[in-house]
Amino acid sequence: MESQDERISAFLEKNEVKRVLDKISEETRIRMSFKPEVCEAFTGKYTAVRNVSGFKFYKNKEAERQLPDIIDNPVQQIYREDSPAEDYRQKYCQKRTIGIVFSGGPAPGGHNVIAGLFDAAMRANPETTIYGFLMGPDGVIEGEAVKITREMVDRYRNTGGFSMIKTGRTKIDSKEKVELSRETCARYGLDALVIVGGDDSNTNAAFLAQALIEDGVQVIGVPKTIDGDLQVRDDEGRVLCAMSFGFHSAARGFASQIGNLCTDCSSDVKYWHVCKVMGRVASHLALEVALQTHANMTFIGEDLADYVDKKRLEEAEKKGTVDYTAYGMTLRHLSRVICDGIVRRAAVGKNYGVIVIPEGLLEFINEIQVFIIKLNTIIGEYNHTHDTDFHTDFPLLEDKLDYLRRLARRSREEASFSIWNTRDDDLFNDIPPFFQEGLLMERDSHGNFPFSQVETERVVMGLVTDYLDRLMEQGQYKIGIQKEYYEQTMKRDGLDPEYYGPFLFGNWKEDYLLFHSSMISHKTLTNELIRQGALLENEQVPPAIEKLFKKSTPKFKVQYHFYGYDGRGSDPTSFDCTYTYNLGLTVFSLIVGGATGQMAAIKNLEKGFSSWVPLGIPIAPLMHLEERKGRLELVLERSLVDVNSPAFLAVKAKREEWLAARPGEDCYRKPAPISLSSETDEDRPLTLILNSYSEDLK
Ligand code: FBP
């Protein structure tokens, strides 16, 4: 007789069972065979690179000093070359060795950059070798790489993540690391190194390009980051790169999940879903999610920083003073704005909804930003002056707070020491420990504050819950009762709704009825009805009224969600598949064209695919000085949400409509899940579509 193990083995051998248990799903198989369209420039056998004039960049003096050989690089465009001269043809097809590395957080589409580069390189010369450096820049520093084969490329085409060669956040930021990288390039015989990363990684690419110029190793950057904060315009606002790759897929992934929450909460009508959305400092992802889902409230950090409390300013003006605290939003004020939305929706029977909070929100709240900047400097300076690390030396929160306390004491003794004074210390000690811990968390190798690790949404919602409790006690937070429902309930119990209406409700003539604000408990309801003469002493409140009153008393229930890592690992949209494959092709053309210190890009992403133009953008002229780890460093400027952009203005104009604090349906929009179809409204970021109308709003 067959044993159980034998039966299981036979069962596992069945074709259908094998098929459904295969680690590559049918969907993934379809994905892997998807062929992204290629730009016109890549439709022939050869391409050529030509300089494009007309773009203007203000060159930073320090960038001129530190990056002298690449600061004057021009913008370049890739063309289809149908009749190359013999020497160019030979150069195009020469055997090369190229290295590629992912740097920073994953972003959907990275594998297609490799696929595009691989396909173009192999078409030009099948003997070319492409190495993938493992685990991010560490792979370059330590010389760890794999030879990329066709099988590897085919296995990962159009799929998400950076799993093929992994990624890491190490920064090549010291002479020693640059030297080790140089040795790696020499050991592998690299002609070119491709760095796929965000603003910090492209900054690294520029410095490496400069350092390796004498060795003849070209360095090309590729704009990656789901955050969407790597965008390039020249100094006159001409767009060269409207969006980094990965943004569209991550935003669509988040939007699809948040869209489902909109459906859930408007079905179950009992939860407020609070969604923190990744994006580091910039709120581009939150803005795109707002456009895709029409969630009830979406906060855009850049908008909060712009906030001016006019009432405060007026009051100060009357006194002949200026109130500087009137500029920028405080956490307290933000919590009041949220409460206002919640209370207004409840008043029309909607004690539920969806709130979107960008993970970088705190950066735009003055009082918190001050802490972030001060602590960045303190930690940076500590690490700089000691041979150890702040977090290793002060592992516990108590140790860190103790160190800060010592700094505050020092500020009392030394007038010139002002980075952390006793007022800072007192304010910091008023913050809940989990938030203190968040603000003191270890910065990454670029000195960036770890926004994704801080539970911003809980900090904000903690204040919201406290204030809602107060409003409830004051009878201001109540659920509106639909008039029709009130009338039916009363009549069912033989009570005259017209008689009781004015006694019970402060807004008796409206569609949604609110119990008088003095009625906040069974006791106050009874007393009030007696006082008004609608009930006799010792008479019980009729059950119908009890039922309605219970229904009108809100419970504030929150569900927290964090959308970030899931979006980074999502499969790319058709937009990102096509964008990244063409970026890979662009990289190869730039290498053939002898470029270094350039970033591959596609112009006109905001338009349909037929308008896309592959470019090489000079990185060095985009650099500016920024404070990192307490010191000024040359870096690529991050793009924040422009509060005058059409996309933001559209969200602002629709704010009240999407809050839907009025009777009737919510305005939720259901974004389609990620697929390879490119024939929907979502075939490119809605932010880009709207921003292409900027001329109309001037
Ligand atoms: P990149 O800037 O490297 O693309 O990373 C983006 C990001 O996903 C941010 O949105 C987020 O704040 C951060 O990475 C999280 O970093 P970590 O991977 O270190 O948790």
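Per chain, residues are indexed from 1 in the order of the written sequence. Residue-level local features of this predicted model are given only where pLDDT is at least 70; pairs of side-chain atoms are given and counted only at 80 or more, and the full residue set underlies all totals for whole chains, interfaces and linings. Just so you know, side-chain values use all the structure's heavy atoms and leave hydrogens and water out.

1. Quick word on empty space enclosed by the protein
Okay, so step 1: Residues are said to line a cavity or pocket when one of their atoms sits within 4 Å of a point; the points come from a 1 Å grid over protein atoms alone, cavities being sets where a 1.4 Å probe fits but cannot get out and pockets being open sets with protein on both sides within 12 Å along at least five of seven lines. Grid points are joined across faces, edges and corners, and a volume is the space filled by probe spheres set on the points. In total, this model carries one cavity of 30 Å³ or more according to the counting rule given.
Okay, so step 2: Approximately 50 Å³ is the volume found for the largest cavity.
Okay, so step 3: Contributing to the lining of the largest cavity are Val101, Ser103, Pro137, Val140, Ile172, Leu193, Ile195, Ser201, Asn204 and Leu208.
Okay, so step 4: Only helix H7 (137-142), strand E6 (192-197) and helix H10 (199-211) provide two or more residues apiece to the lining of the largest cavity.
Okay, so step 5: A run of H or I in DSSP becomes a helix once it reaches four residues, and a run of E becomes a strand once it reaches two; helices and strands are each numbered from the N terminus. Sorting elements by how many residues they give to the lining of the largest cavity places H10 first, with three residues.
Okay, so step 6: Classifying every residue of the lining of the largest cavity gives seven nonpolar, three polar and no charged. Residues are grouped as follows: nonpolar covers Ala, Val, Leu, Ile, Met, Phe, Trp, Tyr, Cys and Pro; charged covers Asp, Glu, Lys and Arg; every other residue, Gly included, is treated as polar.

2. Comments concerning the environment of Ala544
Okay, so step 1: Checked against the element boundaries, Ala544 lands in helix H25 (residues 543-552).
Okay, so step 2: Between the alpha carbons of Ala544 and Gly349 there is a distance of 18 Å; along the sequence they are 195 residues apart.
Okay, so step 3: Leaving out residues up to four positions away in the same chain, Ala544 has contacts with Thr489, Met490, Asp493 and Leu495. In this description, contact between two residues means that some pair of their heavy atoms is separated by no more than 4.5 Å.

3. A look at the domain arrangement of the protein
Okay, so step 1: Domain parsing of the protein yields domain 1 (23-245 + 572-636), domain 2 (254-472 + 558-566 + 652-697) and domain 3 (478-552).
Okay, so step 2: Put simply, the middle of domain 2 and the middle of domain 3, counted by C-alpha atoms, are 39 Å apart.
Okay, so step 3: Summing both partners gives a buried area of about 510 Å² for domain 2 against domain 3, and 64% of it is carried by carbon and sulfur.
Okay, so step 4: Any Lys or Arg side-chain nitrogen located within 4 Å of an Asp or Glu carboxyl oxygen qualifies as a salt bridge. Linking domain 2 with domain 3 are zero salt bridges, by the criterion used here.
Okay, so step 5: Here a polar contact is recorded for every N or O atom pair within 3.5 Å, except that within protein the pair must consist of a potential hydrogen donor and a potential acceptor, and residues adjacent in sequence are included only if both atoms are side-chain atoms. One can count one residue pair in polar contact (both at pLDDT 80 or more) joining domain 2 with domain 3.
Okay, so step 6: Across the side of domain 2 that touches domain 3, the residue classes tally to five nonpolar, two polar and no charged. Bear in mind that the domain bounds are from an automatic or database domain assignment. By buried area we mean the combined loss of accessible area, with a 1.4 Å probe, across both parts when two parts are placed together.

4. Here's the deal with the side chain of Ser589
Okay, so step 1: Within the secondary structure, Ser589 is located in helix H27 (residues 574-592).
Okay, so step 2: Side chain to side chain, Ser589 and Thr47 meet in a polar contact 2.8 Å long.

5. Thoughts on the site of the ligand
Okay, so step 1: We call a residue near a molecule or strand when any one of its heavy atoms sits within 4 Å of it. The full set close to the ligand counts 15 residues, and Gly105, Arg169, Asp227, Glu359 and Tyr565 are the nearest of them.
Okay, so step 2: Within the contact set of the ligand, an oxygen atom lies 2.8 Å away from a side-chain nitrogen or oxygen of Arg169.
Okay, so step 3: For the accessible areas, the method is Shrake-Rupley and the probe is 1.4 Å, while residue cover comes only from the protein chains on display. Surface burial for the ligand is 85%, taken as the share of its 490 Å² of free accessible area covered by protein chains.
Okay, so step 4: Counting contributing residues per domain, the shell around the ligand is built from domain 1 (23-245 + 572-636) and domain 2 (254-472 + 558-566 + 652-697), each supplying no fewer than three.

6. Here's the deal with the packing of helix H18 (residues 397-413) against helix H19 (residues 422-429)
Okay, so step 1: Look at H18 against H19: their axes get within 8 Å of each other, and the N-to-C directions meet at 150 degrees. With respect to H19, the element H18 is oriented roughly antiparallel. On H19, the residues that touch Leu401, Leu404, Arg405, Ala408, Ser411 and Arg412 of H18 are Thr422, Asp425, Phe428 and Asn429.
Okay, so step 2: Looking at the contact of H18 with H19 residue by residue, the class counts come to four nonpolar, three polar and three charged. Axis definition: a line fitted to C-alpha atoms, limited for helices to the stretch in contact. Angles are taken between N-to-C directions and run from 0 to 180 degrees. Oblique is the label for any angle not under 35 degrees, not over 145, and not in the 65 to 115 range, which are roughly parallel, roughly antiparallel and roughly perpendicular in turn.

7. Quick look at the layout of surface pockets
Okay, so step 1: When its volume is computed, the largest pocket comes out at roughly 1200 Å³.
Okay, so step 2: Lining the largest pocket we find 42 residues, and of these Gln231, Val232, Arg233, Gly237 and Val239 sit closest to its centre.
Okay, so step 3: By residue number, the principal contributor to the lining of the largest pocket is helix H29 (residues 686-691), which donates three residues.
Okay, so step 4: A breakdown of the residues in the lining of the largest pocket according to their chemical character gives 17 nonpolar, 13 polar and 12 charged.
Okay, so step 5: Summarising the domain contributions, the lining of the largest pocket has at least three residues from each of domain 1 (23-245 + 572-636) and domain 2 (254-472 + 558-566 + 652-697).
Okay, so step 6: Taken as a whole, the second largest pocket encloses approximately 940 Å³ of empty space.

8. Section: the sheet that holds strand E4 (residues 129-133)
Strand-to-strand pairing in sheets goes through backbone hydrogen bonds, with the strands running parallel or antiparallel.
Okay, so step 1: Only when DSSP finds a minimum of two bridges between them are two strands counted as paired. Across the sheet, which stays open at both edges, the nine strands sit in the order E1-E2-E17-E16-E7-E6-E3-E4-E5 with mixed pairing between neighbours. Taken across any chain shown, the strands that pair with only one partner, and hence form the sheet edges, are strand E1 (46-52) and strand E5 (145-147). On average, each strand axis in the sheet is inclined to that of its neighbour by 30 degrees, with strand direction left out of account.
Okay, so step 2: As judged from the six bridges shared by E6 and strand E7 (residues 218-223), these two strands associate in the parallel manner. For Val194, the partnering residue across the bridge sits in E7 and is Ile220.
Okay, so step 3: In this fold helix H6 (residues 110-124) packs onto strand E3 (97-102), E4, E6 and E7, with an angle of close to 175 degrees to the strand it touches most, E3.

9. Section: the pattern of salt bridges
Okay, so step 1: Overall, the coordinates contain 38 salt bridges when judged by the stated rule.
Okay, so step 2: Across the pair Glu633 and Lys171 runs a salt bridge whose closest N-O atoms are separated by 3.2 Å. Here Lys171 lies in the loop between helix H8 (150-156) and helix H9 (175-188) and Glu633 lies in strand E19 (residues 631-636), a separation of 462 residues in the sequence. The same class applies to Glu633 as to Lys171, namely buried.
Okay, so step 3: With a shortest N-O distance of 3.2 Å, Lys654 and Glu657 are connected by a salt bridge. On the criterion of helical spacing, the pair formed by Lys654 and Glu657 is a turn pair, its members being three residues apart in helix H28 (residues 646-659).
Okay, so step 4: Using a relative accessible area of 36% as the deciding quantity, one classes Glu657 as partly exposed.
Okay, so step 5: Taken together, the salt bridges that share partners define one network made up of Lys56, Asp234, Glu236 and Arg238. We call a residue buried when its accessible area falls under 20% of the maximum for its residue type, exposed when it is over 50%, and partly exposed in between, using a 1.4 Å probe and counting protein chains only.

10. Digging into the nonpolar core
Okay, so step 1: In plain words, nonpolar cores are sets of buried Ala, Val, Leu, Ile, Met, Phe, Trp, Tyr and Cys residues tied together by side-chain atoms within 4.5 Å. Ranked by size, the top nonpolar core spans 124 residues in total, and within it Ile100, Leu117, Val194, Leu285, Tyr579, Phe588 and Leu605 carry the most contacts.
Okay, so step 2: In terms of residues, this core owes the most to one element, H27, which gives 10 residues.
Okay, so step 3: Each of domain 1 (23-245 + 572-636) and domain 2 (254-472 + 558-566 + 652-697) contributes no fewer than three residues to this core.
Okay, so step 4: Those residues in contact with Leu117 that lie beyond four places of it in its chain are Ile98, Ile100, Ile130, Val194, Gly584, Leu585, Val587, Phe588 and Ile591.
Okay, so step 5: Membership of the second largest hydrophobic core comes to 56 residues, among which are Met329, Leu361, Ile365 and Phe390.

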